[in-house]
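The lines below spell out each chain.
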Amino acid sequence: MNTEIFGVMLMILLTVLLAIPLGSYIGKVYSGDRTWLDPVFAPLDRLFCKAGGINPDKEMNWKQHLLALLTINFIWFIFSMLLLMNMGWLPLNPDANPSMSADLAFNTSISFISNTNLQHYSGESGVSYLGQLVLMLFQFISAAAGMAACAVVFKAMKEKHAGKLGNFYNYFIKSCTRILLPISIVVAIILVFNGTPMTFKGKDRFISLQGDTVQVSRGPAAAMIAIKQVGTNGGGYFGANSAHPLENPNYFTNIVEDVCILLIPIAMIFALGYILKRKKFAWMIFAVMMVGFLLLLIPAVYYEMKGNPGIGKMGITQPLGSMEGKEVRFGSAASAYWGISTTVTSNGSVNAMHDSFTPLTGMFAMLGMMINSFFGGVGVGFLNFYIFIIIAVFISGLMVGRTPEFLGKKIEAKEMKIAAIIALLHPFLILAGTAIAAHLYAGNPTAYASWLNNPGNHGFSEMLYEFTSSSANNGSGFEGLGDNTAFWNISCGIVMLLARFLPIIGPVAIAGSLAAKKYVPETVGTLQTDTSTFGIMVFAVILIIAALSFFPALSLGPIAEYFSLYRS
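Residues numbered from 1 in each chain as written. Predicted model: local features only at pLDDT ≥ 70, side-chain atom pairs only at ≥ 80, totals over all residues. Heavy atoms only, no water.

Asks: Before we move on, could you go through the nonpolar core and cite the residues and values that matter?
Replies: In this structure, Tyr30, Met157, Ile264, Ile285, Tyr386 and Phe406 are the most contacted members of the largest nonpolar core, which totals 186 residues. Considering each element in turn, this core owes the most residues, 21 residues, to helix α6 (residues 129-158). When sequence neighbours within four positions are dropped, the list of residues in contact with Met157 reads Leu272, Leu276, Phe281, Phe382, Tyr386, Phe406 and Leu407. (Core = buried A, V, L, I, M, F, W, Y, C linked by side-chain atoms within 4.5 Å. Buried < 20%, exposed > 50% of the residue type's maximum accessible area, 1.4 Å probe, protein only. Helix = DSSP H or I, 4+ residues; strand = E, 2+ residues; numbered from the N terminus. Contact = heavy atoms within 4.5 Å.)

As structure tokens, then:
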């Protein structure tokens, strides 16, 4: 047990120690300061800008930034639909995987451009090598788009008065070439040397210990796994994701992949401190997020290491904890840590089956996605947190009878309306989607019998988890749900689309509006936003608005299931 806990502590420590210098580096990249990688990647940046006809020095306002972001994603969506619906006859398909249906291609295309990577197909058998390579590209594009949007907000927060907020394409390209690509190369090399395949050959054949002939899928896996972790994408090359021995061969690769999940989301906070020259403010944000993360992590690790009470009633000892749906090479503690890491971010990769978590651990995983602002995805995690900062500043200003101000800019009705809409959008999408699905199933359980392998409280949790994962742009799932149907493909696709782009549009619009306002110098009475008091205020706003909105739904699912385990 002590060894497992040490492994969890090691991963947390490594992540933070690496994120601090990486944050300074990211801050330099977005500020245009010189970095030690400039001689290597500056020519690559210029090549992309020249090929795309981009002037990286041309300033854009916030509306132009959003137009560029939406245009890029729309073009890639159309391209993805055409490819996935025709990949059966396209090249790089040695295993003859079939083309996707229109509804599955719709879901998958939105899933990958929205950084969700929700997979209603089994990776190695559902997509050709060409499809995997294109989806790998999308994992760069979606992550870089979120980081570029976050860089725009950083720029707006920094300037005392600015209608121009840098160049979106410049931020986008640098996010790919200067940040995501170098880290992904290092991670991919580590994975290759530990046994992850990187080949364009078809399935391999071997004789098992039982004498059976087994066909093993392979392909260009290492490269895709690296960016899936680094960019908080989570889309697995293999259907079992990082529980698959070729995708995550051993405990060392488990540490590397798990560190990558939180690395850039944490580093973006320290990048903010570098850009604004407000390190204390960055540390306040980090502290709030880390406290929230630990409040979800600690009980999750405890319950998984404690074991399943239902199995305990049968007189079966569980010295390794609750091991249903987990890999022995990782254990219960590392599986719980991954489960919380991947859900507080928008990663969604798994090294254990979340459907097999004990009820309260499943609830904590859902809460991480429902709150969706304890680190979050690369870039967009801070954008979600930024909304709660705006609300907290507004409430704090009203409490002391002053006009709410944030970094020298007055927060007025326009900004608050946008913040309120974005804050309420997430609960609405999750709860409305779950209500519709529950109504359909309850009204005709025979017609929708293929949906749920586990009717009852756990079945409700499976549907709640699916819409939570879609709205949080996470992509993990309680896989007892039969999700490759027209209803789930289309409904989840719509939720992913709205939940990805509206929460980006809102914060960028608020930041752009504030940046254009007159700067008000700080005085003795100005609300200090880099203090522990304000940190507690932000945490309270997150708890009240985000967490408590979901308590009734959680009571019907994981909480009711938890108490059912102790019935005599």
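Asks: Help me get a handle on the environment of Cys176, residues and values and all.
Replies: Looking at the secondary structure, you find Cys176 in helix α7 (residues 168-193). Relative accessible area serves as the criterion here: at 16%, Cys176 is assigned to the buried category. Filtering out sequence-adjacent residues up to four positions away, Cys176 remains in contact with Phe140, Ala144, Leu181 and Pro182.

Asks: So what's going on with the pairing of strand β1 (residues 204-207)? Residues and values would help.
Replies: Here β1 pairs with strand β2 (residues 213-216) via 4 bridges, running antiparallel. Looking at the pairing, Ile207 lines up with Thr213 of β2. With antiparallel pairing between neighbouring strands as the criterion, β1 and β2 make up a hairpin whose turn holds 5 residues, including Gly211 at a positive phi of roughly 90°. (Pairing = 2+ DSSP bridges.)

Asks: Could you give an account of the environment of Thr3, with specific residues and numbers?
Replies: Mapped onto the elements of the fold, Thr3 is located in helix α1 (residues 2-31). Residue classification places Thr3 among the exposed residues on the basis of a relative accessible area of 64%. Remark: the alpha-carbon pair of Thr3 and Ala333, spanning 330 residues in sequence, is separated by 9.6 Å.

Asks: An account of the packing of helix α12 (residues 331-344) against helix α13 (residues 359-371) is requested, with residue identities and associated values reported.
Replies: Interaxial distance between α12 and α13 falls to 7 Å at its minimum, and their mutual angle equals 20°. One finds that α12 runs roughly parallel with respect to α13. As for the relative orientation of α12 and α13, their crossing is right-handed in sense. Here Gly339, Ile340, Thr343 and Val344 of α12 lie close against α13, whose contacting residues are Phe364, Ala365, Gly368 and Met369. (Axes fitted to C-alpha atoms, helices over the stretch in contact; angles between N-to-C directions. Parallel < 35°, antiparallel > 145°, perpendicular 65-115°, else oblique. Left-handed = near helix turned anticlockwise from the far one by under 90°.)

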